[in-house]
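Each chain, written out:
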Amino acid sequence: MKLAKFVGTALVALSLSAPALAQQAGAPQQTDQVTQLAEMVGLSDDQQNEIRGILNEMQAEIAPLREEARSLQEQMQNEIKADYDEDAIRDQAEDLGDVTGEIAALSTLMQAKVDSVFTQAQRDELEKKMQQMRQQMQQQQQMMQQQQGQ
């Protein structure tokens, strides 16, 4: 289970940039991120192509849902007024919950599919690298807190 979190963390950058990537011709940023992941854990060309295929497929499903979620949030914001409609707000909130739940499910499926492409040695290497990154981030946060305290 820990490993899934590591893979998920590594893919956060990939999945968060999905809407922007979908709009860019050729998605060069995605290629860079998959290449970076490949360099981190030693992915073969076939593995990289398989991961790109998974990301493209899943991002095509997630992108319209993100747009729908953004639209629902905007609609809810428009209900903030003196003569608000509670039923409309609750309906929109329920719809937003459904959409964000589907996004979460698809994102998790995307991470699981990508994880299935890795070998155990690659998973181990990713876990090691993610642990190092977390330690570096914690050290940076501690240094910032110390600087703010002075």
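Please refer to the structure placed before this passage.
A few points on the structure. (Residues numbered from 1 in each chain as written. Predicted model: local features only at pLDDT ≥ 70, side-chain atom pairs only at ≥ 80, totals over all residues. Heavy atoms only, no water.)

1. A few points about the environment of G42
Position of G42 among the secondary structure elements: in the loop between α3 (28-41) and α4 (45-78). Each C-alpha atom of the pair G42 and E125 lies 8.9 Å from the other, and the pair is 83 residues apart in sequence. Discounting chain neighbours no more than four positions away, the residues touching G42 are Q47 and Q122. (Helix = DSSP H or I, 4+ residues; strand = E, 2+ residues; numbered from the N terminus. Contact = heavy atoms within 4.5 Å.)

2. A closer look at the nonpolar core
In this structure, L43, I51 and F118 are the most contacted members of the largest nonpolar core, which totals 23 residues. Elements supplying a minimum of two residues to this core: α3, α4, α5 (86-115) and α6 (120-149). Counting residues per element, this core draws most heavily on α4, which supplies eight residues. (Core = buried A, V, L, I, M, F, W, Y, C linked by side-chain atoms within 4.5 Å. Buried < 20%, exposed > 50% of the residue type's maximum accessible area, 1.4 Å probe, protein only.)

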